[in-house]
Amino acid sequence: MVKSLPPIHKLLEDADRRGELIPCLLSHESRIHRQEYGSLLCQLHNSGKISLVSDNNLAAIELLAQNDFWSVIHSLDQAIPELECSYRDVLRLVHTLVSKAGSDGAAGMPNVSLVKWCKANPEKAQLIFEEAKSLDTLCLSHCVFAIQGLGSTKLAFELLEHPDKGVAAVGLCALGRLDIDEEAVAKRVIDECCRAVEMDYGQDFRSSAIETAFKIWEKLGPSEPYRQNELLEAVINANEGDELVQMSAALFYYPKGLAAESIDRILVALAGEVSNPQATVHWLDHALHSNEQNFDLDKVIDIFTTQIPKLEDSIKPNYLYNFCQWIWRDSGNSAQLFSRWLTKGQFELCEFLASMVGESGKKNAIIDIPRAILPNELADQIFMARKCVGFLWFHEVTAASILLSIVKNGKKGAREEAEKLLYDPLLLSYSGNLRDFLEEQAKNPSRRISDGIGRLIKHHDAYLAGLQQTEHLVEFLPTIAQRRAAAMKDRERNKGIQEQAHKNSILSQLVSRQTLLYGKKTFSVIHGEGGKKIPSIMPLSEFSYSAELPRLSVIDPVGFNEMLMVFRIEQKVSR
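Predicted model only: the values in this text are computed from it and were never measured.

Description of the pairing of strand E2 (residues 533-539)
Reasoning step 1: The sheet contact formed by strand E1 (residues 521-527) and E2 spans seven bridges and is antiparallel. Bridge pairing in E2 links Ser 524 to Ser 536.
Reasoning step 2: Between E1 and E2, which pair antiparallel in sequence order, lie five residues; one of them, Gly 530, sits at a positive phi of approximately 70°.

Given below as C-alpha cells:
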C-alpha cells in the first residue's frame, strides 16, 4: 500500500526548519494551483511557522536558476500584500525578487504587490517614506511604490523640495503614478517637470521629469497639451541621445496625450543622433501598432532610414512587423519606401527591402511607383534600376514591376536601361512567373510598357529557340565530375537549410525528432497514467516545394554573380 503524502503545509514547515523552503516549493510546485500557494505561504508566515523573509530564504532565491526562479516568483509575489512583517523585511523580499527578475517584462510584479502592502499598512509605508528622505538606499529604491500605496500627492511634492536630487526624482516618479483628478494639480506637476528639465539637475532627475510629464499628458488628453511644445523643445535641443530613446518609448506607452504637432516634433528628432538605434526602432515599431494613423509616413521612413544602417547586426522584417504591415497595407506606402531606399542605395536598407519581399509572404508583390514618387534625376533613376536588380533578383516579379515603373514614368536614358535590365539578366534567367507577368502586362494601357514588353518577348523567344538548338551538343553537357560536385554542393546546401530551419523552429525545441527514411505511416507507443500503453499510428503524407533557379547562374555563374555584386555595392558618384 502506498503511503499517503503529508499535507503540503507540513512539508513546507519542515523544509523551512531545515533551511530548504525554496527547493521544497520547486519540488511541489505542481501539486496545488499557483493561486493557492500565495495565500498558503502568507498564512504560514503570519502564524510564525515559516519565514519568507529570512536571510537563508532570500539567499536561496538569489541562487536559483532562471527557469526555477520563474516557477516560484508567482507564489512569493502573491504572498506579499498580506504579509505581517516589518517594512524593511518586506522591502528586502521585494528587492530580491525584482533584482533577480532583471529586465524581464514581469520584473515589476513584486513592486505592484508592494503598493497593495503599503495601502494595507499605511503606518509602515510612512516609515519607508521617512527613511527615503534620510537617504536610506533600500527605502529610496522603493519609495515610489510606498507613496503610490498611500496615494498622497502631498508626500510626493514634499520630496520635490528635498536638496538631494535623487530623492526629488523619486517624488517626480511618484507623481506620475498617482491618480490625479484635479487639473490644477496636474498642471503643477507639468510645471515641476519643465523646471527640472530647464534647470538641468542631472540625468536621473531629467529622465524622471520627462517620463512623469508624458504620464500626466496622457491623463489630461490631447485637448490639453499643457506646455508640451516647451518641454519637448528643451529636451530635443539638449541633444541627449538617451532622452531621445526615452521619447521613442513614450510614443508607445503614452500616445493618447500627445498633440499631432508634438508627435511630428518627436519623429523629426528621432531621425537624428540617438544613443541606442536598436531600442529606438524597437519602440517606434511598437508604437505603430495602434497609432500609425497619427504618424506621418515620411517622418517614420526618415527614422528607419537613419537608424537601420547604424545597427550592429542586420535586422529582419519580423522585428519591425508593424512597420512592414503598414507599408504593405497601401500600395502608395510600398512605392514610397522602395523608391526612397533603392535610390539611396544603402546596403542595409536595400537588404531589408529584399527581406521584406521574401519573408513577409509577398513573393510576387507588385510595386508600382508613380511619376510623383520616382526620383527626378536621370542618374538616380538608372542607379535605382541597378539596385533593384542587384537586391531583388530572387524576387523577379517584384523587380520587374519596379523596372516597368521606370519604363513608364522615367526619363529616356533610364527607360532604355530598365528595359535592358528586364531582358538581361531577368528574362534570360527566369521563364516562369516572370514571363507570365510580362505577358499580362503586355495589355497595359501604357504604350511605353506594352511596346517594350513586345520587344522583350520577341527577343526572349529567339533566345529560347537558340538554347534548344544547342541542348544536345556534347560539348555543352557537364562532365561526371562536374555533376558529382554539383550534387555534393546541393546536398550540403539542403542540409544547412534543414539545420537552420530546425534551429529557428519553436516546435522543434519542444518535441523530440525522428528521421524516417521511407514508409507510409508511423507507429509509436504513448505511456499514459498508471503505466497504460496507448498505440499511436499516424499516416505519412508527401509535401514538396519548388523554386526556379536563375538560368544565368548555371550558364555563366561567374559573370552573373559578378554583375549582381557590382549592382549591390556600387555607390553614387559624389558631385
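Quick word on the state of the cysteines
Reasoning step 1: Across all of its chains, the model carries zero disulfides by this definition.
Reasoning step 2: Cys 118 carries a free sulfur, and the closest cysteine sulfur to it, the one in Cys 143, is 9.0 Å from it.
Reasoning step 3: Here Cys 173 is not disulfide-linked; the sulfur of Cys 193 is the nearest cysteine sulfur, at 9.4 Å.

Here's the deal with the packing of helix H12 (residues 183-199) against helix H13 (residues 203-220)
Reasoning step 1: Put simply, H12 and H13 touch, their axes get as near as 9 Å, and they point 150° apart. On the basis of the axis angle, H12 is roughly antiparallel to H13. In terms of crossing hand, the pair formed by H12 and H13 is left-handed. Seen from H12, the contacting residues are Glu 183, Ala 186, Val 189, Ile 190, Cys 193, Ala 196 and Val 197; seen from H13, they are Phe 205, Arg 206, Ala 209, Ile 210, Thr 212, Ala 213, Ile 216, Trp 217 and Leu 220.
Reasoning step 2: For the contact of H12 with H13, the residue count by class is 13 nonpolar, one polar and two charged.

Some points on the environment of Asp 313
Reasoning step 1: For Asp 313, the position within the fold is in the loop between helix H18 (297-307) and helix H19 (321-329).
Reasoning step 2: With a relative accessible area of 60%, Asp 313 lands in the exposed category.
Reasoning step 3: Residues Asp 313 and Glu 348 lie 35 residues apart in sequence; the distance between their C-alpha atoms is 9.7 Å.

Considering the pattern of salt bridges
Reasoning step 1: Under the criterion given, the structure shown has 25 salt bridges.
Reasoning step 2: One salt bridge connects Asp 298 with Arg 340, and the closest N-O pair in it is separated by 3.9 Å. Of this pair, Asp 298 sits in helix H18 while Arg 340 sits in helix H20 (residues 331-344), placing them 42 residues apart in sequence.
Reasoning step 3: The class of Asp 298 is partly exposed, set by a relative accessible area of 36%.
Reasoning step 4: Across the salt bridge formed by Asp 380 and Lys 572, the nearest N and O atoms sit 3.4 Å from each other. Within this pair, whereas Asp 380 is found in helix H22 (residues 378-392), its partner Lys 572 is found in the segment after helix H29 (557-569), the two being separated by 192 residues in sequence.
Reasoning step 5: Looking at Asp 380, the relative accessible area reads 17%, which means it is buried.
Reasoning step 6: Since its relative accessible area comes to 39%, Lys 572 is described here as partly exposed.
Reasoning step 7: When salt bridges with common partners are traced through the structure, they connect Asp 191, Glu 198, Arg 227 and Glu 230 into a single cluster.

What counts and what doesn't
- Residues numbered from 1 in each chain as written.
- Predicted model: local features only at pLDDT ≥ 70, side-chain atom pairs only at ≥ 80, totals over all residues.
- Heavy atoms only, no water.
- Pairing = 2+ DSSP bridges.
- Helix = DSSP H or I, 4+ residues; strand = E, 2+ residues; numbered from the N terminus.
- Disulfide = S-S within 2.5 Å.
- Axes fitted to C-alpha atoms, helices over the stretch in contact; angles between N-to-C directions.
- Parallel < 35°, antiparallel > 145°, perpendicular 65-115°, else oblique.
- Left-handed = near helix turned anticlockwise from the far one by under 90°.
- Contact = heavy atoms within 4.5 Å.
- Nonpolar A, V, L, I, M, F, W, Y, C, P; charged D, E, K, R; others polar.
- Buried < 20%, exposed > 50% of the residue type's maximum accessible area, 1.4 Å probe, protein only.
- Salt bridge = Lys/Arg side-chain N within 4 Å of Asp/Glu carboxyl O.

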